[in-house]
Amino acid sequence: MASCSRNGVLLFTGALVAGTGCSIMSKILLEVRGTTLDGSAKAFDEPVFQTIGMFTAMMLALVFRFLKRSCFDRRYQSANSDGSFSPPARDKPLGLGLFFLMALPSTFDLLATYLCTFGLMYVPVSVYQMLRGSVILFTAVASRALFRRPFSEKDVQALGLV
């Protein structure tokens, strides 16, 4: 059995807390009530705005990743003979085919996020979290059925843990 490092435990705990907090905040956001123009109270239950917010946040994460890579990460910079660093060589541009290949799963991820947020309007957060966790099991079953991939012993142990 693999041992857990301190950083691994902290990362796992942080991801668990952040994921749970995100789900709770999404539910709270869906239950916020506001006053309409005619003075009546209405819940702001528009899951599309949360999906747009998620998409925007991921785009900002990309910006920060590229900034980190170009400005701060010395692994991508080469040292000159005098010890100074020059900018990294440009990566080979991605082809249009790869762009469309990546666009398909990204579109499905965006649609799944929208549908999950839509479902969160009708179920408690605890049920939502259990269904999110069960995605791993459904994916494993689909992988086994569609691609005929056998489960290793570690796969079965991991699925049992979920």
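These remarks concern the structure in this document. Every chain's residues receive numbers from 1 upward, in the order its sequence appears when written. In keeping with the predicted nature of the model, local features appear solely for residues at pLDDT of at least 70, side-chain atom pairs appear and are counted solely at 80 or more, and the whole-chain, interface and lining totals rest on all residues. To obtain the side-chain values, all non-hydrogen atoms of the structure were included, while hydrogens and water were left out.

1. Considering the overall build of the protein
We count a stretch as a helix when DSSP gives it H or I for four or more residues in a row; a strand needs E for two or more, and each element gets its number in order from the N terminus. Counting its secondary structure elements, the protein contains 5 helices and 4 strands. Traced from its N-terminal end to its C-terminal end, the protein shows the element sequence α-β-β-α-β-β-α-α-α. Residue burial is assigned from relative accessible area. The probe radius is 1.4 Å, only protein chains are included, and a residue is buried under 20% of its type maximum, exposed over 50%, and partly exposed in between. Sorting the 162 residues of the protein into buried and exposed places 13% on the buried side. It only takes one pair of heavy atoms within 4.5 Å for two residues to be counted as in contact. In the protein, the share of contacts with a sequence separation of at least 24, taken over all contacts with a separation of at least 6, comes to 46%.

2. Considerations on the side chain of Ser26
Note on placement: Ser26 falls in helix H1 (residues 6-30). Ser26 has contacts with Gln50 and Leu120, leaving out every residue within four places of it along the chain.

3. Regarding a nonpolar patch on the surface
On the surface, Ile24, Met25, Ile28, Leu29, Val32, Phe44, Val48, Phe49 and Ile52 cluster together into a nonpolar patch covering about 790 Å² of accessible area. The set of elements that each furnish at least two residues to the nonpolar patch consists of H1 and helix H2 (47-72). No other element matches the 4 residues that H1 contributes to the nonpolar patch. What goes into a patch is any residue over 30% in relative accessible area without a salt bridge, connected to like charges within 9 Å or, for nonpolar side chains (Val, Leu, Ile, Met, Phe, Trp, Tyr), within 5 Å. To be clear on the numbers: accessible area is Shrake-Rupley with a 1.4 Å probe, and residue cover counts the displayed protein chains and nothing else. Salt bridges are counted wherever a side-chain nitrogen of Lys or Arg sits within 4 Å of a carboxyl oxygen of Asp or Glu.

4. Quick word on the environment of Leu30
Within the secondary structure, Leu30 is located in helix H1. Between the alpha carbons of Leu30 and Phe118 there is a distance of 9.3 Å; along the sequence they are 88 residues apart.

5. Some remarks on unusual backbone geometry
What is expected of a backbone is that most residues other than glycine have negative phi and most peptide bonds are trans. Of note in the backbone geometry, Arg148 takes a positive phi value of approximately 55° without being a glycine. Within the secondary structure, Arg148 sits in the loop between helix H4 (125-147) and helix H5 (153-161).

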